[in-house]
Amino acid sequence: SVERLNGNVIGRAVLMPCFVRDMTGDGDLDLVATMFIGFGQNPRGIICFDVKSGETIWTHTMAPLIAPKFVQSVDLNGDELPDVLAGSYSTCNFDGEHDGMDDRHAYLYALSGRTGSSIWARCLGGEFTNIEPIIDRQANGRAAIIAWVHEDGRPNDVGRSALVRLTLSGDVIARYEH
């Protein structure tokens, strides 16, 4: 865990790496990581560092947990720079709201890779639900998003799951459930 990183207070969050890309278009590599902490503590979210200098480029705080395996890079807005697509896990730790969202629901977030600002967010699940995004790269060069939305099974319950297909702008195309 990290108390302080380059003058920015991170708290007791564990930084977990997701990927390294040039997120800002400056030709330098940047490291995208999650700030992972539980039990209603802060900060939770995604942070981007300049690999060379170690300086923080941007931080986006979120109420639910974001695990590195739930984070992908894809150009969502056609500017030829990678953006961040992140699924969350609703822990139900009563973490306060961030951007009107809480940790009692699971969201799929789209963030600008350049600034970390929200492009869009969609609530796709309720309590104790994971959302794992998959980028569907189609033969015509376009991409779509498939989100695996699955509940954690409670004792004697296997949980439910669904696949949700979305456009890069976050519009739901289809939802497949059982």
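Up top is the structure.
Values in this document were obtained by computation on a predicted structure and should not be read as measured data. (Residues numbered from 1 in each chain as written. Predicted model: local features only at pLDDT ≥ 70, side-chain atom pairs only at ≥ 80, totals over all residues. Heavy atoms only, no water.)

*Asks:* Honestly, a nonpolar patch on the surface in this entry has me stumped. Any pointers?
*Replies:* A cluster of nonpolar side chains, namely Val20, Leu29 and Val51, defines an oily patch on the protein surface of about 240 Å² accessible area. You can see valine 51 is positioned in the loop between β5 (45-50) and β6 (56-61). (Patch = residues over 30% accessible without salt bridge, like charges linked within 9 Å, V, L, I, M, F, W, Y side chains within 5 Å. Areas by Shrake-Rupley, 256 points an atom, 1.4 Å probe, with all protein chains shown as cover. Salt bridge = Lys/Arg side-chain N within 4 Å of Asp/Glu carboxyl O. Helix = DSSP H or I, 4+ residues; strand = E, 2+ residues; numbered from the N terminus.)

*Asks:* For this particular structure, what's the right way to read the pairing of β6?
*Replies:* Each regular strand carries side chains that alternate between the two faces of the sheet. Inspection of the sheet shows β5 paired to β6 by five bridges, in the antiparallel sense. Note that in β6 the partner of glycine 45 across the bridge is threonine 61. Hairpin connection, β5 to β6: the antiparallel pair is bridged by five residues, and glycine 54 has positive phi, about 80 degrees. (Pairing = 2+ DSSP bridges.)

*Asks:* What am I meant to see in the sheet that holds strand β9 (residues 106-111) here?
*Replies:* Spatially, β7-β8-β9-β10 is the arrangement adopted by the four strands of the open sheet, whose pairing is antiparallel. Every interior strand has two partners, whereas the edge strands, β7 (71-74) and β10 (118-125), have only one. Put simply, the sheet's adjacent strands are angled 15 degrees from each other on average, direction ignored. In this sheet, β9 lies alongside strand β8 (residues 83-87) in antiparallel orientation, the contact comprising four bridges. Counted as the bridge partner of alanine 86 is tyrosine 109 from β9. (Axes fitted to C-alpha atoms, helices over the stretch in contact; angles between N-to-C directions.)

Purely spatial values, then, with no claim about function.
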